[in-house]
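One letter stands for each residue in the lines below.
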Amino acid sequence: MSASIEMTTLSTQQQRRVERVAPWLLLAACLLLWQGICMAFDVSDFILPSPSAIVTSLFEYWSVIAAHAWRTFWTTMVGFAVAIAVGVVLGLLMGSSRLAYAAGYPLMTAFNALPKAAFVPILVVWFGLGAGPAILTAFLISFFPIMVNIATGLATLEPELEDVLRVLGARRTDVLLKVGLPRAMPYFFASLKVAITLAFVGTTVSEMNAANEGIGYLLVSAGSAMKMPLAFAGLVVIAVMAMAMYELFALLEKRMTGWAHRG
């Protein structure tokens, strides 16, 4: 019996190791395939720069890329922080009231369907060029997943559980704060992982149209100067920053909502 348990534990640990290594192996395979195609068909860097050319540009223009990346990072974080605050408040409001949910959810869904890039010229008129439009675009594109997940986590609280708590003397606020909010935490962290990647998209789109700093501006400048390896290097930096924040929220999710996940 103990031997079978040890074998099961060992196989589980091996599976977890494989799962941790698998993304890196897949990434390495894709990069090797990409590099091989560029070398085999002698693809010009102007058409599709090879991974080696992108890495060379990263080192060659590192100081410039770092300055633009820092601008993109902090504007994204400011917009994302505002999105968390607004999304949580609206999610609590809609999730705790059937009337608010019925009235607000269709309107928020319609608003979310609007292309956020279309807001950038309007934001430029209101706030001028610079960080303002980038922060607001990051907020507009990322608050909806947070709001929806919080509202869903609260609105889908089992009626039977709520009835039992009411019988035991719990008030509506007690049910929401002591049961609804903890139940909504897995939804909340899941929304953060989605929203942070969208926030970087919003910032980059805004910087491409209404800024003289940031990775989005770097992409436009590099494309205009025909420096495609530099443009791809900017894309790599955006991907790395977004994935770093994704992994941070995934770690927080495991630490704070481990009870909601198997294993």
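Everything below is about the structure shown above.
Keep in mind it's a predicted model, so treat the numbers as computed, not measured.

Peer 1: Whenever I open this one, helix α6 (residues 131-155) confuses me. Can you help?
Peer 2: An α-helix turns once per 3.6 residues; consequently, residues spaced three or four apart project the same way. With 25 residues, α6 ought to run about 36 Å at 1.5 Å a step, and its terminal C-alpha atoms sit 36 Å apart, in line with that. The largest bend in α6 is about 35°, located at S142, with the proline P145 one to four residues further on. Most of α6 sits out of view: 20 of its 25 residues are buried.

Peer 1: When you look at the nonpolar core in this model, what are you seeing that I'm missing?
Peer 2: Counting 43 residues, the largest nonpolar core has F80 and F200 as its most contacted members. Of all the secondary-structure elements, those providing two or more residues to this core are α2 (51-60), α3 (62-96), α5 (119-127), α6, α8 (172-210), α9 (215-224) and α10 (228-256). For this core, the leading source of residues is α6, giving 11 residues. Ignoring anything within four residues of it in the chain, the contact list for F200 reads T72, F73, T76, M77, I238, M241, A242 and M245.

Peer 1: What exactly am I supposed to notice about the packing of α3 against α9 here?
Peer 2: Pairs of packed helices are described in terms of their axes, by the angle between the two and the distance that separates them. It is at 8 Å that the axes of α3 and α9 come closest, and there the two elements cross at 135°. Classed by the angle they form, the pair α3 and α9 counts as oblique. Counted together, V64, I65, H68, A69 and T72 of α3 and I215, G216, Y217 and L218 of α9 form the full contact between these two elements. Split by residue class, the contact of α3 with α9 holds six nonpolar, three polar and no charged.

Peer 1: I keep staring at a nonpolar patch on the surface and nothing clicks. Help me out?
Peer 2: Taken together, the side chains of W70, W74, V78 and V82 define a hydrophobic patch exposed on the protein surface, amounting to about 380 Å² of accessible area. With respect to the helices, strands and loops of the structure, V78 is situated in helix α3.

Peer 1: Would you mind showing me how to read the pattern of salt bridges here?
Peer 2: Any two side chains of opposite charge can pair, given that their charged atoms come close. Considering all chains together, one arrives at two salt bridges under this definition. The partner of R71 in a salt bridge is E213, and the shortest N-O contact between them spans 2.5 Å. Taken together, the residues span a long stretch of sequence, with R71 in helix α3 and E213 in the loop between α8 and α9 at a distance of 142 residues. The class of R71 is buried, set by a relative accessible area of 12%.

Peer 1: Just checking my understanding: could you explain the environment of Y246 for this structure?
Peer 2: Among the secondary structure elements, Y246 is positioned in helix α10. A relative accessible area of 29% means that Y246 is categorised as partly exposed. Spatially, the C-alpha atoms of Y246 and A190 are 9.8 Å apart, while their sequence positions differ by 56 residues. Residues contacting Y246, with those up to four places away along its chain left out, are K193 and I196.

Peer 1: For this particular structure, what's the right way to read the packing of aromatic side chains?
Peer 2: Summed over the entire model, instances satisfying the criterion amount to nine aromatic pairs. For the pair W126 and F127, a centre-to-centre distance of 6.5 Å together with 80° between the ring planes defines the contact as edge-to-face. W126 sits in the exposed class, given a relative accessible area of 62%. In this arrangement the basic side chain of K116 is found over the ring face of F111, its NZ or CZ atom lying 5.5 Å from the centre.

Peer 1: Can you walk me through the packing of α3 against helix α4 (residues 98-113) in this structure?
Peer 2: Contact geometry for α3 and α4: axes closest at 6 Å, N-to-C directions at 130°. What the angle tells us is that α3 and α4 run oblique. Between α3 and α4, the contacting residues are L90, L93, M94 and S96 on the first element and R98, A100, Y101, G104, Y105 and M108 on the second. Counted by class, the contact of α3 with α4 contains seven nonpolar, two polar and one charged residues.

Peer 1: Looking at this model, I keep getting lost on the environment of A155. Mind explaining?
Peer 2: Examined against the element boundaries, A155 turns out to sit in helix α6. For A155, a relative accessible area of 42% corresponds to the partly exposed category. As a C-alpha pair, A155 and M94 span 61 residues in sequence and 8.0 Å in three-dimensional space. When residues no more than four places from it in sequence are discounted, the contact partners of A155 are G95 and Y101.

What counts and how
- Residues numbered from 1 in each chain as written.
- Predicted model: local features only at pLDDT ≥ 70, side-chain atom pairs only at ≥ 80, totals over all residues.
- Heavy atoms only, no water.
- Helix = DSSP H or I, 4+ residues; strand = E, 2+ residues; numbered from the N terminus.
- Expected span 1.5 Å × (residues − 1).
- Bend = angle between axes of the 7 residues up to and from the residue.
- Buried < 20%, exposed > 50% of the residue type's maximum accessible area, 1.4 Å probe, protein only.
- Core = buried A, V, L, I, M, F, W, Y, C linked by side-chain atoms within 4.5 Å.
- Contact = heavy atoms within 4.5 Å.
- Axes fitted to C-alpha atoms, helices over the stretch in contact; angles between N-to-C directions.
- Parallel < 35°, antiparallel > 145°, perpendicular 65-115°, else oblique.
- Nonpolar A, V, L, I, M, F, W, Y, C, P; charged D, E, K, R; others polar.
- Patch = residues over 30% accessible without salt bridge, like charges linked within 9 Å, V, L, I, M, F, W, Y side chains within 5 Å.
- Areas by Shrake-Rupley, 256 points an atom, 1.4 Å probe, with all protein chains shown as cover.
- Salt bridge = Lys/Arg side-chain N within 4 Å of Asp/Glu carboxyl O.
- Phe/Tyr/Trp six-rings, centres within 6.5 Å; stacked < 30°, edge-to-face > 60°.
- Lys NZ or Arg CZ within 6 Å of the ring centre and 35° of its normal.

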